[in-house]
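Each chain is listed here by its residues.
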Amino acid sequence: MKKLNSFFLGFLPLVLVGAGFVFGSAVDERRGQLRSWTDKDGRTIQAYLKGMKGEGVLLVKDGKEYLFPISRLSRSDRTYLNDWLEFPNPKEYARHAETFPVLSDKELETAPPLALELLEKKVFDLTNDERKALGIIVLKAYEELDSVARRHSEDMSVRGFFAHHNPDGDSPTDRARKAGFSGLVKSPDGKPRPGLSENIARVGRYSSIRQSVRNEKVVNRRIGWQKEDALARQIVQGLLNSPEHKKNMLDPTKAYLGVGIYVFREHVFVTQNFF
């Protein structure tokens, strides 16, 4: 199963949830979502995911429960299940989303512009710096992979979710295949590479918010905005602080990295795709 990891970086503290830091989707109710499940023989069932029981997964169809062996699930379904197990409760996702203060339009006008391609390159370079320091082969840039990552970062912002599987149920590899990513047909180095690993993150554009309070009311806020260098360091260090994210970043079997970043107001959505 491909390693999929995600985390939140909020206002001042780093907020981490779950062993793999995989968050549920704000629009994906998980237990309430109807999706297609496919076994290794290609047989498909439309059902809701209820939970786990022993070595099986409980699926609900037409009001009846079915226990399906995990070992018989398709790779895509096992990856989806892994996401769900690590963060099954969308209400918990919403609670952590609230760690980001809402900034006004006037406050946002004070933000310096961000050069997204420069920010992506800095995240890419800092990731390779860690690999170099440990004698691990550096990752090569792959423009098609950047595009796959950028689309997912934008999609998370536009459709209001934060997960490796989008609301359509597509995994990172599924998304790459739909985008026509040529590496899945033949990788540039000729080595078989069946799928993508992924890290996702959401950070604030600011490093601090100072509030002036009078009579128990906030009368002024001063925003400490970050530029590309500081943001890139925050993103990469946050990943390195998580064992599962770090494992993806330092995986010696990976040869390529795509970085995609999307900004909406004060929020920065980040996707790293390893191949």
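Summary of the structure given here. This structure is a prediction, so every number in the text was calculated from the model and none was measured.

**Regarding unusual backbone geometry**
Of note, the phi angle at asparagine 215 is positive, near 55°, even though the residue is not glycine. Its location among the elements puts asparagine 215 in the loop between strand 9 (206-214) and strand 10 (217-225). For glutamate 216, which is not a glycine, the phi torsion comes out positive at approximately 65°. Checked against the element boundaries, glutamate 216 lands in the loop between strand 9 and strand 10.

**Here we look at the nonpolar core**
Among soluble globular proteins, nonpolar side chains are generally buried collectively. Val123 and Ile261 are the most contacted members of the largest nonpolar core, which has 20 residues in total. Elements represented by at least two residues in this core include exactly helix 4 (116-133), strand 8 (197-204), helix 7 (228-240), strand 11 (256-264) and strand 12 (267-274). Ranked by the residues each element gives to this core, the list is headed by helix 7, at six residues. Those residues in contact with valine 123, other than ones at most four positions away along the chain, are Ala232, Ile235, Val236, Val259, Ile261 and Gln272. Ranked by size, the runner-up nonpolar core spans nine residues in total, among them Tyr142, Phe181, Leu196 and Tyr256.

**Observations regarding the environment of valine 123**
With respect to the helices and strands, the residue valine 123 is situated in helix 4. As a C-alpha pair, valine 123 and alanine 232 span 109 residues in sequence and 5.1 Å in three-dimensional space.

**Concerning the pattern of salt bridges**
Per the counting criterion, the structure on display carries 13 salt bridges. A salt bridge links glutamate 120 to arginine 150; the shortest N-O distance between them is 2.9 Å. Here glutamate 120 is found in helix 4, whereas its partner arginine 150 is found in helix 5 (residues 143-159), with 30 residues between them in sequence. Look at glutamate 120 and you get buried, because its relative accessible area is 6%. Classification of arginine 150 by relative accessible area gives partly exposed; the value is 30%. In the salt-bridge network here, residues are joined through shared partners; they are Asp105, Arg265 and Glu266.

**Some remarks on the pairing of strand 12**
Within strand 12, eight of the eight residues are buried, leaving the element largely enclosed by the surrounding structure. Bridge count for strand 8 against strand 12 is eight bridges, and the pairing is antiparallel. For valine 203, the partnering residue across the bridge sits in strand 12 and is valine 268. Across eight bridges, the pairing between strand 11 and strand 12 is antiparallel. Along strand 12, the bridge assignment pairs glycine 260 with threonine 271. Where strand 11 folds back onto strand 12 in an antiparallel hairpin, the turn is made up of two residues, including arginine 265, whose phi is positive at roughly 55°.

**Thoughts on the packing of aromatic side chains**
Applying the stated criterion across every chain, the model contains five aromatic pairs. Note on tyrosine 256 and phenylalanine 275: the rings are 6.4 Å apart at their centroids and 35° apart in plane angle, and the pair reads as tilted. Note that tyrosine 256 is positioned in strand 11 and phenylalanine 275 in the segment after strand 12, a separation of 19 residues in sequence. Take tyrosine 256 and phenylalanine 275: they sit in the same class, and that class is buried. One aromatic cluster is present, formed by Tyr142, Phe181, Tyr256 and Phe275 through successive ring pairs.

**Remarks on the pairing of strand 11**
Here two bridges tie strand 7 (residues 140-141) to strand 11, and the two strands are oriented parallel to one another. Looking at strand 11, one finds that lysine 140 is bridged to tyrosine 256.

**Focus: helix 7**
For helix 7, which comprises 13 residues, the first-to-last C-alpha distance of 18 Å matches the rise-based estimate of 18 Å (1.5 Å per residue) to within 8%. Those residues of helix 7 not exposed but buried are Glu228, Leu231, Ala232, Ile235, Val236, Gly238, Leu239 and Leu240.

**Comments concerning the environment of glutamine 237**
In this structure, glutamine 237 sits in helix 7. Separated by 114 residues in the primary sequence, glutamine 237 and valine 123 place their C-alpha atoms 10.0 Å from one another.

Definitions and limits used
Residues numbered from 1 in each chain as written. Predicted model: local features only at pLDDT ≥ 70, side-chain atom pairs only at ≥ 80, totals over all residues. Heavy atoms only, no water. Helix = DSSP H or I, 4+ residues; strand = E, 2+ residues; numbered from the N terminus. Core = buried A, V, L, I, M, F, W, Y, C linked by side-chain atoms within 4.5 Å. Buried < 20%, exposed > 50% of the residue type's maximum accessible area, 1.4 Å probe, protein only. Contact = heavy atoms within 4.5 Å. Salt bridge = Lys/Arg side-chain N within 4 Å of Asp/Glu carboxyl O. Pairing = 2+ DSSP bridges. Phe/Tyr/Trp six-rings, centres within 6.5 Å; stacked < 30°, edge-to-face > 60°. Expected span 1.5 Å × (residues − 1).

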